[in-house]
Amino acid sequence: MKKFFLAMMFVVLSQGAMAQEVQKAMPKFATFSYAKVLEAMPEYATVKNDLAALRKKFDDEAKRSEDDFNQKYELFLEGQRDFAPSIMKKRRSELEEMLQRNIDFRKESDRLLKQAEVDAFAPLKTKVNGILSRIGQERDLLFIANIDECDLPFVNPDFGVDLTDAIIDELKK
């Protein structure tokens, strides 16, 4: 009976040691939050302020165009009883064109703002990606995943590590 327990104990211990060796030998991965890392960068506030100022300029211009349209529309409504059919048609056409230009401006300004955001954050992301590459190589990681978009609903912390704080520390150097 003692031999049986000793044999079982040996098997259990050897499997435990093998499991630890397998776990050590398995490639590890890491996770991090891009949003938290970017927000920790000193350049982040400047980029956000610049983008907000640009957005305000576009919004101010859109508001000015909208006010012009509203003013002309009110004049149109006030005088439509007195307009000849050809003048009515011309003014209606002008208002429709003006409205379409305003809509096109909004669409174009949204596109330009999105592109400005991509362009403004590109140097910050390049800097973070350089740090990610260096840390990944130093720690012999298989990959590093961004967890911001919930693409990884479960991450087993026994096999991976969260690098967010380590990356923020690197940025402070």
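Residues numbered from 1 in each chain as written. Predicted model: local features only at pLDDT ≥ 70, side-chain atom pairs only at ≥ 80, totals over all residues. Heavy atoms only, no water.

## Observations concerning the packing of helix 3 (residues 42-79) against helix 4 (residues 85-138)
Now for step 1: Where helix 3 contacts helix 4, the axes come no closer than 10 Å and their chain directions differ by 180°. One element, helix 3, and the other, helix 4, form an angle in the roughly antiparallel class.
Now for step 2: Along the lines of polarity and charge, the residues of the contact of helix 3 with helix 4 split into 20 nonpolar, three polar and 13 charged. (Axes fitted to C-alpha atoms, helices over the stretch in contact; angles between N-to-C directions. Helix = DSSP H or I, 4+ residues; strand = E, 2+ residues; numbered from the N terminus. Parallel < 35°, antiparallel > 145°, perpendicular 65-115°, else oblique. Nonpolar A, V, L, I, M, F, W, Y, C, P; charged D, E, K, R; others polar.)

## Here we look at helix 3
Now for step 1: Counted at 1.5 Å a residue, the expected span for helix 3 with its 38 residues is 56 Å, and the 57 Å between its end C-alpha atoms agrees.
Now for step 2: Among the residues making up helix 3, those that are buried are Tyr-44, Val-47, Leu-51, Phe-58, Ala-62, Ser-65, Phe-69, Phe-76 and Gly-79. (Expected span 1.5 Å × (residues − 1). Buried < 20%, exposed > 50% of the residue type's maximum accessible area, 1.4 Å probe, protein only.)

## A short note on the sheet that holds strand 3 (residues 160-162)
Now for step 1: One open sheet accounts for three strands, arranged 2-1-3; its pairing is parallel. At either margin of the open sheet sits one strand with a lone partner, and together these are strand 2 (141-146) and strand 3. Neighbour-to-neighbour, the strand axes of this sheet turn through a mean angle of 20°, independent of strand direction.
Now for step 2: The pairing of strand 1 (residues 28-32) with strand 3 spans three bridges and is classified as parallel. Note that in strand 3 the partner of Ala-30 across the bridge is Val-161. (Pairing = 2+ DSSP bridges.)

## Remarks on the layout of surface pockets
Now for step 1: Considered as a void within the structure, the largest pocket measures approximately 180 Å³ in volume.
Now for step 2: If you go around the largest pocket, the residues you meet are Lys-72, Leu-75, Phe-76, Arg-91, Glu-94, Leu-95, Glu-97, Met-98 and Arg-101.
Now for step 3: Counting only elements with at least two residues in the lining of the largest pocket, the list comes to helix 3 and helix 4.
Now for step 4: The leading source of residues in the lining of the largest pocket is helix 4, at six residues.
Now for step 5: Split into classes, the residues belonging to the lining of the largest pocket amount to four nonpolar, no polar and five charged. (1 Å grid on protein atoms, 1.4 Å probe; cavity = no way out; pocket = protein on both sides within 12 Å on 5 of 7 lines; lining within 4 Å. Points joined across faces, edges and corners; volume = space filled by probe spheres on them.)

## Digging into the pattern of salt bridges
Now for step 1: All told, the structure shown has eleven salt bridges when counted by the stated rule.
Now for step 2: The shortest N-O distance in the salt bridge between Lys-127 and Glu-43 comes to 3.2 Å. On the criterion of sequence distance, the pair formed by Lys-127 in helix 4 and Glu-43 in helix 3 is long-range, its members being 84 residues apart.
Now for step 3: Residue Lys-127 is classed as partly exposed on the basis of its relative accessible area of 38%.
Now for step 4: Given the relative accessible area of 30%, Glu-43 is considered partly exposed. (Salt bridge = Lys/Arg side-chain N within 4 Å of Asp/Glu carboxyl O.)

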